[in-house]
Every structure is written in C-alpha cells, then in structure tokens.
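Results of the structural survey
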Amino acid sequence: GRVNGVTRFGLFVTLDESGADGLVPMSELPDDYYDHDPERHCLIGRRRGRQFDLGQRVTVQLREAEPLTGGLILRLHEDGDDQAEGRNSPREKSGTRRGHSASRGKARPAKSRRPRR
C-alpha cells in the first residue's frame, strides 16, 4: 500500500488491491521512538533515524478488522531488515525497540549501564 496520512498516533495506509484504508498504530511501527513532524507529514525515529513519509510505499498485514464499521488495523510486514520500498532515510539501521510516540510526553531517561552483581 501507500501511506496516505501521517499522524501523531500512526500511519494511514491505502491498500493497492482493494483501495481500502487502514491504520498502522504507533505501537506497530519498527522499534524506536517516533516524533511526528506535521509540517513535513512524516514520522521520524529518534534513535535510528527511520522515516515514514506521506506517499511512501509500505507492505502491511491485516491485524484486525471491525466488520460493523469497516475499520482496519494494520501492521508493517517485515522482509528481513528491509520492509518498505523507497525509504527516504539513509541513516536507517536494523534492530530497534517497539514503536512509541515521544510527542505525548517526556522522553524516558536512559537506563544505567552498570554491570549487575
């Protein structure tokens, strides 16, 4: 599909085959903390620099469908380390944490790296 909306809570994707629209919630995005840039219509990962832009092609899987309202909840489909075509961020690396939006509150402090005894 193609990203047709970018919000502080996730991505809206229009599916190629059916034209249906669905939401990829922030919690289903690849592991990082994402900041919403409303002027550029994108989400940008704080640690890895991964970026999701309006119009970007992505591969998704259906996670949940609500028959009464027709609402679709999607998740990004991962093909190894490379899951989205035409990515705009050359800084991206694999191996990150679950997606969260840091725009709703304070960032979590880094954990101490002292060895345990």
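How each quantity is defined
- Residues numbered from 1 in each chain as written.
- Predicted model: local features only at pLDDT ≥ 70, side-chain atom pairs only at ≥ 80, totals over all residues.
- Heavy atoms only, no water.
- Helix = DSSP H or I, 4+ residues; strand = E, 2+ residues; numbered from the N terminus.
- Buried < 20%, exposed > 50% of the residue type's maximum accessible area, 1.4 Å probe, protein only.
- Pairing = 2+ DSSP bridges.
- Contact = heavy atoms within 4.5 Å.
- Salt bridge = Lys/Arg side-chain N within 4 Å of Asp/Glu carboxyl O.

**Comments concerning the overall build of the chain**
In terms of helices and strands, the chain carries zero helices and nine strands. Mapped in sequence order, the helices and strands of the chain form the string β-β-β-β-β-β-β-β-β. The buried share among the 117 residues of the chain stands at 36%.

**Examining the pairing of strand β5 (residues 42-45)**
By the alternation rule, side chains of β5 split into C42 and I44 and L43 and G45, which are all buried. Bridge analysis of strand β4 (residues 33-37) against β5 gives four bridges, and the strand direction is antiparallel. Paired with D37 across the two strands is C42, which belongs to β5. In textbook terms, the turn of a hairpin is the stretch between consecutive antiparallel strands, and for β4 and β5 this stretch comprises four residues, one of which, H41, has a positive phi near 55°. Between β5 and strand β6 (residues 51-53), which pair antiparallel in sequence order, lie five residues; one of them, G49, sits at a positive phi of approximately 75°.

**Quick notes on unusual backbone geometry**
The phi dihedral of H41 is positive, around 55°, even though this residue is not glycine. Structurally, the position occupied by H41 is in the loop between β4 and β5.

**Thoughts on the environment of R75**
When you line up the elements, R75 lands in strand β8 (residues 71-76). Between the alpha carbons of R75 and P30 there is a distance of 9.6 Å; along the sequence they are 45 residues apart. Not counting residues within four places of it along the chain, the set of residues in contact with R75 comprises V24, E28, T59, V60, Q61 and R63.

**Concerning the pattern of salt bridges**
Across all of its chains, the model carries seven salt bridges by this definition. Between E28 and R63 there is a salt bridge; the shortest N-O distance is 2.9 Å. With a gap of 35 residues between them, E28 in the loop between β3 (21-25) and β4 and R63 in strand β7 (residues 60-66) connect regions that are remote in the sequence. Overall, the relative accessible area of 13% leaves E28 in the buried class. A salt bridge links R40 to D37; the shortest N-O distance between them is 3.7 Å. One continuous salt-bridge network, built from bridges that share partners, spans E28, R63, E64 and R75.

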